[in-house]
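Commentary on secondary and tertiary structure
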Protein chains: 2
Amino acid sequence: MGTKKNVVAGVDLGGTHTKIGIVDRDMNFYGDKVINTNMNSFNQWVQDVSTCIKDICKNNQDIVLAGLGLGAPNANPFTKCIESPANLQSWANTENKGILDVKATFEKYLGIKTIALDNDANAAAFGEKCYGGAKKMKDFIVITLGTGLGAGIYIHDQLVYGYTGIAGELGHVIVEKGGRFCGCRRRGCLETYCSATGVARTMLELMADDRSIDTPLRNVEPNKMSSRLIYEEALKGCELSKRCFDVTGEILGRALADFTCFSSPEAFFITGGLARSGDLILNPTIASFEANLCFPYKGKVKVALSEIMNKNPAILGAAALAWNELDK
Amino acid sequence: MGTKKNVVAGVDLGGTHTKIGIVDRDMNFYGDKVINTNMNSFNQWVQDVSTCIKDICKNNQDIVLAGLGLGAPNANPFTKCIESPANLQSWANTENKGILDVKATFEKYLGIKTIALDNDANAAAFGEKCYGGAKKMKDFIVITLGTGLGAGIYIHDQLVYGYTGIAGELGHVIVEKGGRFCGCRRRGCLETYCSATGVARTMLELMADDRSIDTPLRNVEPNKMSSRLIYEEALKGCELSKRCFDVTGEILGRALADFTCFSSPEAFFITGGLARSGDLILNPTIASFEANLCFPYKGKVKVALSEIMNKNPAILGAAALAWNELDK
């Protein structure tokens, strides 16, 4: 009995699905499951997740649940609440006033005290530190290329939250003055170019720029254009699709070179849906990074894909939040 | 005897002059002096500085020298050496191989153990933290506008050195793709616009752009154009000179807005020669900063002039290095 293994639950809250996994410090999984996110009630969702976790633990007599980590939008790691989430408005009611107390509610339904939460990009950085390529690093940056561009920044062997708690908004660094219109109501933000949606926008621009290069993507409605389709065409040899990744990597590499001047990280790790394009996005990013890097940093910064990218990164990142909390 | 006051020596090493001051924790000066930097020999320079410090201490029976801080180009705070300084090549010889051991040499001639050193921009950040507007802040950035643009970044209540030790090279963030040629052999770096030399370059551009606006500066040889002259003309009402500061502030404010996305500092403090232009540079910087800041940070970041700027900042910054070392 004394040799039971400590494990944690990693939970990734999405607008449609919730991913749940039980994992130990050495990245062994003891079970994982994807459930539909119950949009009717936050309390019901916590009960669903808790039941799922208890079921997995019941089947493994040699583990003990030490904590839970949650990756979620609008997560406040300090208050341990989800605050006014735009995509989960149906959970808000007059009682909770849009502030969802993650810690108190999981304590009630799951019966454990160690609860940690943070946004996806920060969870990804904790995941890379705990399980991935950054295990021995004190200064590194994880870039998540999804619908937008997020970042988790490690400095002094700690995640950077800054004065407001919302540091690392690297998707909103302006890389093209007067450039593309961004959801933040400004123009030229990095994430309007370097993200899954950014790649789709670039493809429309490239098709507009040069009609002489044919591609089956000219038959795709702009509303349905996606980085996934462009990736598939690039693999089949489509010149315009390959150029689309080159353009994206050129801008991303330039941005990473600028970020290096700020904190001089040991490495950048790229993750998120668009990172699954692998060398198609990584190679032009590295080429542009090296070409644009200021001389004192040359040869001293690694740019690589996340080492946990293909190992259930959302659950591992969330689990790492719990381990980090346990280490405090 | 038991009530002697602890003081430290702050030393600022310049290519022509060396500034020396003795100061306590409450910013009281017990003496200060400017001597010519002896360019013949590093050892002789250390002896000159040590003699000067001993003379000041001799005249103050109620103080005790607890440490020395040195602000110097190419200072390595970890090895406590000045390494291959471009502007002090005459100090290099076959014996020291261009590595000047500041700690060992001051220990020998001054007889104290606590020696700290760092570059000017980092010393300015330590100075603002110890004596200036950042006393109660854990996350802030000091920007020095001199010949170039330097930065000292505080995160987690510590200065950021990064993996290489040379973080904070914000003068080399690229703000204009394909812009002005920089000493780092790239184009468009922030310091080619926002620095004393940057302002002079902007004035040449403005004169080239619009010949209809007259200014006495059209009679100044480009080689002699300086931020000081432009400042003086702006005070006299010269439209083009005022526009020159507006252009500089516009670019600086945009850059500070981008930096905010990275570390979410509580404040930016601006110092260095160009900062002495006061509102002429500060007002357009703040206007541009507020206009360009991403919404989550609005109203949460202060942009101000250094609060020690007019109080011998080079000596105070160097002294703060010594206090920081004593606090370790």
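See the structure above.
Overview of the structure. (Residues numbered from 1 in each chain as written. Chains lettered and ligands numbered in written order. Predicted model: local features only at pLDDT ≥ 70, side-chain atom pairs only at ≥ 80, totals over all residues. Heavy atoms only, no water.)

**Things to note about the overall build of chain A**
Secondary structure summary: chain A contains eight helices and 13 strands in total. Computed over the C-alpha atoms, the radius of gyration of chain A is 21 Å, within 12% of the 20 Å expected from 2.2 N^0.38 for a compact globule of 328 residues. With respect to the principal axes defined by its C-alpha atoms, chain A has extents near 65 × 45 × 40 Å. Looking at chain A residue by residue over its 328 residues, the buried ones come to 57%. Put simply, of all contacts in chain A between residues at least 6 apart along the chain, 61% involve residues at least 24 apart. Here chain A holds 36 positive side-chain charges and 36 negative ones, and the gap between their average locations is 2 Å. (Helix = DSSP H or I, 4+ residues; strand = E, 2+ residues; numbered from the N terminus. Rg over C-alpha atoms; globule rule 2.2 N^0.38 Å. Buried < 20%, exposed > 50% of the residue type's maximum accessible area, 1.4 Å probe, protein only. Contact = heavy atoms within 4.5 Å. Lys, Arg positive; Asp, Glu negative; His and termini not counted. Charge placed at Lys NZ, Arg CZ, Asp CG, Glu CD.)

**So, the environment of A:Arg25**
Residues and elements named next belong to chain A. Counting through the fold element by element, Arg25 comes out in the loop between strand 2 (17–24) and strand 3 (29–36). Note on Arg25: relative accessible area 38%, which makes it partly exposed. For the pair Arg25 and Gly168, spaced 143 residues apart in sequence, the C-alpha separation works out to 26 Å. Not counting chain neighbours up to four residues away, the residues in contact with Arg25 comprise Cys130, Tyr131, Trp323 and Asp327. A polar contact of 2.8 Å, which involves the side chain of Arg25, links it to the side chain of Asp327. (Polar contact = N/O pair within 3.5 Å; in protein donor to acceptor, adjacent residues only side chain to side chain.)

**Focus on the relation of the copies chain A and chain B**
Aligned on chain B, chain A shows an RMSD of 0.0 Å; the corresponding rotation is 180° and the shift along the axis is 0.0 Å. Such a combination of turn and shift is consistent with a two-fold rotation axis. Residue by residue, 100% of the interface of chain A is reproduced at the interface of chain B, so both copies engage with the same surface. (Least-squares fit on C-alpha atoms with pLDDT ≥ 70 in both.)

**Re the side chain of B:Ser50**
Residue and element names in this part refer to chain B. Here Ser50 is to be found in helix 1 (residues 42–58). At 2.8 Å, the side chain of Ser50 forms a polar contact with the backbone oxygen of Val46. Look past the residues within four positions of Ser50 in its chain and what remains in contact with it is Phe106, Tyr109 and Leu110.

**Considering the packing of aromatic side chains**
All names here are of chain A. On inspection of all chains with the given rule, the structure shows 21 aromatic pairs over all chains. Ring centres of Phe140 and Phe269 lie 6.2 Å apart, and the angle between their planes is 80°; on these two criteria the pair is classed as edge-to-face. Here the residue Phe140 occupies a position in strand 9 (residues 140–145), and Phe269 occupies one in strand 12 (residues 267–271), the gap between them amounting to 129 residues. Across this residue pair, the class does not change: Phe140 and Phe269 are buried. Taken together, the ring pairs in this structure connect Phe42, Trp45, Trp91 and Phe106 into an aromatic cluster. (Phe/Tyr/Trp six-rings, centres within 6.5 Å; stacked < 30°, edge-to-face > 60°.)

**Quick word on the pairing of strand 3 of chain A**
Side chains on a regular strand alternate between the two faces of the sheet. All names here are of chain A. Sheet analysis places strand 2 next to strand 3, joined by seven bridges and oriented antiparallel. Bridged to His17 within strand 3 is Asn36. In textbook terms, the turn of a hairpin is the stretch between consecutive antiparallel strands, and for strand 2 and strand 3 this stretch comprises four residues, one of which, Met27, has a positive phi near 70°. (Pairing = 2+ DSSP bridges.)

**Remarks on the sheet that holds strand 9 of chain A**
All names here are of chain A. With respect to topology, five strands assemble into an open sheet ordered 11-10-9-12-13, the strand pairing being mixed. Since the sheet does not close on itself, it has two edges, and those belong to strand 11 (158–159) and strand 13 (302–305), each with one partner. With five bridges joining them, strand 9 and strand 12 adopt parallel strand pairing. Following the sheet pairing, Thr144 is matched in strand 12 by Thr271. Each of strand 9, strand 10 (149–155), strand 11 and strand 12 is contacted by helix 3 (residues 120–131), which is oriented at about 45° to strand 10, the strand it contacts most. Against the sheet, helix 6 (residues 239–263) makes contact with strand 9, strand 10, strand 12 and strand 13, and its axis sits at roughly 140° relative to strand 12, the strand it touches most. (Axes fitted to C-alpha atoms, helices over the stretch in contact; angles between N-to-C directions.)

**Some thoughts on the sheet that holds strand 8 (residues 115–118) of chain A**
Residue and element names in this part refer to chain A. The sheet built from five strands is open, its strands ordered 3-2-1-4-8 with mixed pairing. Every other strand in the sheet has two partners, leaving strand 3 and strand 8 as the edge strands with one partner each. Direction aside, the axes of adjacent strands within the sheet are offset by 20° on average. Contacts from helix 3 reach strand 1 (5–13), strand 2, strand 4 (63–71) and strand 8, with the element oriented near 120° to strand 8.

**Some details on the packing of helix 6 of chain A against helix 7 (residues 279–292) of chain A**
Residue and element names in this part refer to chain A. Packing of helix 6 against helix 7 brings their axes to within 6 Å, and their N-to-C directions diverge by 45°. The angle between the axes of helix 6 and helix 7 places the two elements in the oblique class. Seen along the crossing, helix 6 lies across helix 7 with a hand that is right-handed. Only Leu280, Ile281, Pro284, Thr285, Ser288, Phe289 and Asn292 of helix 7 make contact with helix 6, whose side of the interface consists of Lys242, Phe245, Asp246, Thr248, Gly249, Glu250, Leu252, Gly253, Arg254, Leu256, Ala257 and Thr260. (Parallel < 35°, antiparallel > 145°, perpendicular 65-115°, else oblique. Left-handed = near helix turned anticlockwise from the far one by under 90°.)

**Describing the pairing of strand 12 (residues 267–271) of chain B**
Residue and element names in this part refer to chain B. In terms of burial, strand 12 is largely enclosed, as five of its five residues are buried. Here strand 12 shows no split at all, with Ala267, Phe269 and Thr271 on one side and Phe268 and Ile270 on the other all buried. Judged from the four bridges that link them, strand 12 and strand 13 (residues 302–305) form a sheet pairing that is parallel. When the bridges of strand 13 are listed, Phe269 appears paired with Ala304.

**Re the interface of chain A and chain B**
Bring the parts together and some accessible area is lost; that lost area is often taken as the interface size. Between chain A and chain B, the contact holds 40 residues from the first and 40 residues from the second. Summed over both sides, the interface of chain A with chain B buries roughly 3400 Å², with 62% coming from carbon and sulfur. Considering only the side of chain A, the residues that lose the most area to chain B are A:His156, A:Tyr163 and A:Phe262, jointly responsible for 23% of the buried surface there. Residues B:Lys177 and A:Glu176 are paired through a salt bridge, measuring 3.1 Å at the closest nitrogen-oxygen approach. On inspection of chain A and its partner chain B, the count reaches 23 residue pairs in polar contact (both at pLDDT 80 or more). For the side of chain A that touches chain B, the element with the most residues is helix 6 of chain A, which contributes six residues. Classifying every residue of the side of chain A that touches chain B by side-chain character gives 22 nonpolar, nine polar and nine charged. (Buried area = accessible area lost by both parts, 1.4 Å probe. Salt bridge = Lys/Arg side-chain N within 4 Å of Asp/Glu carboxyl O. Nonpolar A, V, L, I, M, F, W, Y, C, P; charged D, E, K, R; others polar.)

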